Amino acid sequence: MKIDTLLLFLVLNTSGLIAQNNNLNRSEPNLPDIPGYKTILADFHLHTVFSDGKVWPTVRVDEAWEHGYKAIAITDHIEDHQYRKYIAFEGNLNASNKIAQREGERQDIIVIAGTEITRAMPPGHLNAIFVKDVDKIATHRVKSFFNKNPEATLVSIIDSIDHHHKDYMESLLEARNQSAFIFWNHPMLFTPEGEKLELPDVHKDLIKKGLIQGIEVADLGHYHPEAFQWCLDYNLTLLGNTDLHDPYHIDDATNPLERRNATLVFTADITEQGIKEALENQRTAVWVNDMVIGKQSFLEPLVRASIAFDKPHFIDENRTRYIKITNNSDFKFHIDSDMIEEKTFLDFLTLNPNSSQILKIPENEAALKMTILNFQVAPEKPLTLFIKL
Ligand SMILES: [Zn+2]
Ligand SMILES: [Zn+2]
């Protein structure tokens, strides 16, 4: 085909085939499913210009598409309307959810309606997702504050609301009434660096009442081992979200060298209802940088589904078997094992995403004991498993 004919073909062809999102390429994640459940990437904490974020709600859907996420929740603060002067959404706190949900339908991304209930500590910030009507979750106190101070920001409302006033209970009970899933956001945000936070009594009480069902164990690149331990102690759902305010690529806390952290959801079916059921039954793990954090019951099948061992292709004069190990996933594995000979100059072997290596294993070993250093089943406790050879 001559160049001008090709150009003509391309010009004519655009009229018939139009990309939905300006040819934005999705990097399709390679995540193995585990027995009985599909594995998906989700981010349940995102802001837009309808609170203190800097993007229109549809941008969150574009980002989810681009990064290979299957589900997101829009969680604008009820108590922060930075741009209300410029965006007429008075009396409708559901606007950002509705705009993003419409775009989600176009791009086949599940957009969950949510909101962030925002107070000083305790209880700090709490997200309610799968909500039906955010207007009803705003307390009378907050509504009347905004009516009197139409240009109020988050800071002014935090300053003006008595920290010890329990009006947030009104929001939480209404969210519960709407059968929302409620979790505690960025638990360490208000704790000075280096200081240890004990689980506050207020939170223990909310957990007991079912008004906290999960905790963000990671938020935008930061992992909180204390929060992981609380989730294990109280059987809460682990969440790893971003809390993006800026566009992803310019967000302050985004390190372009690291991947966007995610909540891995193990869901029976990829629907909003399926995801809700998974969250309510603690079927999640957290992916932050190279680390995966979660219960052994999910991490072990995830690793088994990711790694394949070939039969030995060579046995040398010392009876050492040469076996190809393949990582069929986007996870990275830092593997420690006494049984693997000549690992590297490091103490452990790094198996990169979607790659293979050859292991040398003595013939007398029937099973390979492996510790995956970057897969943690409790704080400082890496996953150990046995692979039958
Ligand atoms: Zn927050
Ligand atoms: Zn937030």
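Residues numbered from 1 in each chain as written. Chains lettered and ligands numbered in written order. Predicted model: local features only at pLDDT ≥ 70, side-chain atom pairs only at ≥ 80, totals over all residues. Heavy atoms only, no water.

## Overview of the pairing of strand β15 (residues 333-336)
Right, so step 1: The pairing of β15 with strand β16 (residues 349-351) spans 3 bridges and is antiparallel. Within β16, the position partnered with Ile335 by the bridge is Leu349. (Pairing = 2+ DSSP bridges. Helix = DSSP H or I, 4+ residues; strand = E, 2+ residues; numbered from the N terminus.)

## Quick notes on the environment of Ala73
Right, so step 1: Within the secondary structure layout, Ala73 lies in strand β2 (residues 71-74).
Right, so step 2: A residue is classified by how much of its surface remains accessible, and Ala73, at 0% relative accessible area, is buried.
Right, so step 3: Along the chain, Ala73 and Val111 lie 38 residues apart, while their C-alpha atoms are 5.6 Å from each other.
Right, so step 4: Once residues within four sequence positions are removed from consideration, Ala73 is found in contact with Asp43, Phe44, His45, Leu46, Ile112 and Ile129. (Buried < 20%, exposed > 50% of the residue type's maximum accessible area, 1.4 Å probe, protein only. Contact = heavy atoms within 4.5 Å.)

## Considering the coordination of the zinc ion (ligand 1)
Right, so step 1: For the zinc ion (ligand 1), the full set of protein donor atoms is Glu116 (OE), His125 (ND1) and His186 (NE2), and the range of their distances to it is 2.1 to 2.2 Å.
Right, so step 2: Each donor residue of the zinc ion (ligand 1) lies on one chain, and together they are spaced E-x8-H-x60-H.
Right, so step 3: A spacing of 3.3 Å is found between the zinc ion (ligand 1) and the zinc ion (ligand 2), which share Glu116 as a donor. With Glu116 in strand β3 (residues 110-118) and His186 in the loop between β5 (181-184) and α8 (201-208), the pair connects residues that are 70 residues apart, well separated along the chain. Take Glu116 and His186: they sit in the same class, and that class is buried. (Donors = N, O, S within 2.8 Å, 3.2 Å for Na, K, Ca; no water.)

## What about the coordination of the zinc ion (ligand 2)?
Right, so step 1: For the zinc ion (ligand 2), every protein donor is listed as His45 (NE2), His47 (NE2), Glu116 (OE) and Asp243 (OD), and the spread of their distances is 2.0 to 2.3 Å.
Right, so step 2: Here the zinc ion (ligand 2) is ringed by 4 donor atoms whose angles at the metal span 80 to 165 degrees, and the overall shape comes out irregular.
Right, so step 3: Judged by its relative accessible area of 0%, His45 is buried.
Right, so step 4: On the basis of relative accessibility, which here comes to 0%, the residue His47 falls in the buried class. (Tetrahedral: all angles 85-135°; square planar, octahedral: opposite > 155°, others 65-115°.)

## Re the nonpolar core
Right, so step 1: Within the largest apolar cluster, 44 residues are counted, with the highest numbers of intra-cluster contacts made by Leu264, Phe331, Phe333, Ile335, Ile372 and Phe375.
Right, so step 2: It is strand β18 (residues 367-378) that provides the largest number of residues to this core, a total of 5 residues.
Right, so step 3: Of the domains in this structure, domain 1 (30-294) and domain 2 (306-388) are the two that each give at least three residues to this core.
Right, so step 4: Ignoring sequence-local partners within four residues, the contact set of Phe375 consists of Val292, Leu299, Leu302, Val303, Phe331, Lys332, Phe333, Lys381, Pro382 and Leu383. (Core = buried A, V, L, I, M, F, W, Y, C linked by side-chain atoms within 4.5 Å. Domains from an automatic or database assignment.)

## Focus on the side chain of Asp219
Right, so step 1: Mapped onto the elements of the fold, Asp219 is located in strand β6 (residues 214-219).
Right, so step 2: Despite its burial, Asp219 remains without a salt bridge, the nearest opposite charge being carried by Arg260 at 13 Å.
Right, so step 3: In this structure the side chain of Asp219 is engaged in a polar contact, spanning 2.8 Å, whose partner is the side chain of His224. (Lys, Arg positive; Asp, Glu negative; His and termini not counted. Salt bridge = Lys/Arg side-chain N within 4 Å of Asp/Glu carboxyl O. Polar contact = N/O pair within 3.5 Å; in protein donor to acceptor, adjacent residues only side chain to side chain.)

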